[in-house]
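Each chain, letter by letter, is given below.
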Amino acid sequence: MAEPRQAPRLDQPREPRRLKLPRFDPESFGRWSEAIARALGTARFLVYMSVFILLWVGWNTLAPSGWRFDPYTFTFLTLILSLQASYAAPLILLAQNRQADRDRLSLEEDRRRAAAQKADTEYLTREIASLRLAIGEVATRDFLRSELGRLAEELEDRQRGKKKRSKAPSGEPDDHADTDA
């Protein structure tokens, strides 16, 4: 015996009855559309399409009447080109949207990096300024050179003074003698 069908409950929403469509990966579809858009935007595509159209027109114009497959003012060619354009335009737009999304993410990353770099630069600038303030009273290379030069001259003067004393007669006082030596 079949189970009795339960009456639908009025306090709960019904399950939506939707048509089950096949699932597809939007990322792979996007890559596919970018590949098509990339191919449609090349000179090779334009040359091939031009050759195809010229062959079509030539065949359906110059071939015997029994061999022509598009005898009316190229209606079938127009249909094929319209169909190609109707699919190409959305695929190109999809590829452009994906590129715009990538550009936006790249721009956001560039802005983030620029802000971090600016913060690092400002930090380093403050650190260098504080080091300059801290080093303000430290002797510089030029100061040390001048002091060493002055001390060297002073030592040379003392050496000259000792030589003069040793040459002076022992009974006479030396006017140039260094008293604090």
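Residues numbered from 1 in each chain as written. Predicted model: local features only at pLDDT ≥ 70, side-chain atom pairs only at ≥ 80, totals over all residues. Heavy atoms only, no water.

> Give me the lowdown on helix α3 (residues 75-135), citing residues and values where you can.
Over its 61 residues, α3 extends 88 Å from the first C-alpha to the last, a length consistent with the 90 Å expected when each residue adds 1.5 Å. Residues Leu77, Ala88, Leu91, Ala95 and Arg98 constitute the buried set of α3. Those residues of α3 that are buried lie in contact with α1 (26-40) and α2 (43-62). (Helix = DSSP H or I, 4+ residues; strand = E, 2+ residues; numbered from the N terminus. Expected span 1.5 Å × (residues − 1). Buried < 20%, exposed > 50% of the residue type's maximum accessible area, 1.4 Å probe, protein only. Contact = heavy atoms within 4.5 Å.)

> A description of the environment of Ala89 should follow, citing residues and the corresponding values.
Along the chain, Ala89 falls in helix α3. Counting along the chain gives 52 residues from Ala89 to Ala37, while the straight-line C-alpha distance between them is 8.8 Å.

> Which residues make up the environment of Gly30, and what values go with them?
On the secondary structure map, Gly30 appears in helix α1. By relative accessible area, Gly30 is classed as buried at 1%. Sequence separation between Gly30 and Leu94 is 64 residues, and the spatial gap between their C-alpha atoms is 7.0 Å. With residues up to four places along the chain from it excluded, the contact list for Gly30 reads Leu94 and Arg98.

> I'd like a rundown of the packing of α1 against α3, residues and numbers included.
Closest axis-to-axis distance for the α1/α3 pair is 8 Å, and the angle between their directions is 110 degrees. It follows that α1 is roughly perpendicular to α3 by the angle criterion. Read as a crossing pair, α1 and α3 show a hand that is left-handed. In this structure, α1 uses Pro26, Glu27, Phe29, Gly30, Arg31, Trp32, Ser33, Glu34, Ile36, Ala37 and Leu40 to contact α3, whose residues at the interface are Gln84, Ala88, Leu91, Ile92, Leu94, Ala95, Arg98, Gln99 and Arg102. Grouping the amino acids of the contact of α1 with α3 by side-chain chemistry returns eleven nonpolar, four polar and five charged. (Axes fitted to C-alpha atoms, helices over the stretch in contact; angles between N-to-C directions. Parallel < 35°, antiparallel > 145°, perpendicular 65-115°, else oblique. Left-handed = near helix turned anticlockwise from the far one by under 90°. Nonpolar A, V, L, I, M, F, W, Y, C, P; charged D, E, K, R; others polar.)

> Now, about the side chain of Asp70: what can you tell me, with residues and values included?
Assignment of secondary structure puts Asp70 in the loop between α2 and α3. For the buried Asp70, no salt bridge exists, and the shortest N-O distance to an oppositely charged side chain is 10 Å, to Arg68. Only 3.1 Å separates the side chain of Asp70 from the backbone nitrogen of Phe76, close enough to count as a polar contact. Reaching out from Asp70, the side chain makes a polar contact with the backbone nitrogen of Leu77 at a distance of 3.0 Å. Not counting the four nearest positions on each side in its chain, Asp70 is found in contact with Trp56, Asn60, Thr75, Phe76 and Leu77. (Lys, Arg positive; Asp, Glu negative; His and termini not counted. Salt bridge = Lys/Arg side-chain N within 4 Å of Asp/Glu carboxyl O. Polar contact = N/O pair within 3.5 Å; in protein donor to acceptor, adjacent residues only side chain to side chain.)

> Break down the packing of aromatic side chains for me, citing the residues and quoting the values.
Counted by the stated rule, this structure contains five aromatic pairs. With a centroid separation of 5.5 Å and 40 degrees between ring planes, the pair formed by Phe29 and Trp32 is classed as tilted. Note that Phe29 and Trp32 are positioned in helix α1 at a spacing of three residues, about one turn of the helix. Note on Phe29: relative accessible area 37%, which makes it partly exposed. Since its relative accessible area comes to 46%, Trp32 is described here as partly exposed. With a centroid separation of 4.8 Å and an interplanar angle of 85 degrees, the aromatic rings of Trp56 and Phe69 are classed as edge-to-face. Here Trp56 is found in helix α2, whereas its partner Phe69 is found in the loop between α2 and α3, with 13 residues between them in sequence. Overall, the relative accessible area of 45% leaves Phe69 in the partly exposed class. (Phe/Tyr/Trp six-rings, centres within 6.5 Å; stacked < 30°, edge-to-face > 60°.)

> Lay out the packing of α2 against α3 in plain terms, naming residues and giving numbers.
In a packed pair of helices, the relevant descriptors are the angle between the two axes and the axis-to-axis distance. Put simply, α2 and α3 touch, their axes get as near as 11 Å, and they point 160 degrees apart. Between α2 and α3, the interaxial angle falls into the category roughly antiparallel. Considering how the two elements wind past one another, α2 and α3 form a crossing that is right-handed. From α2, Phe45, Met49, Phe52, Ile53, Trp56 and Val57 reach across to α3, where they touch Phe76, Leu77, Ile80, Leu81 and Gln84.

Read these as geometric descriptors, not functional statements.
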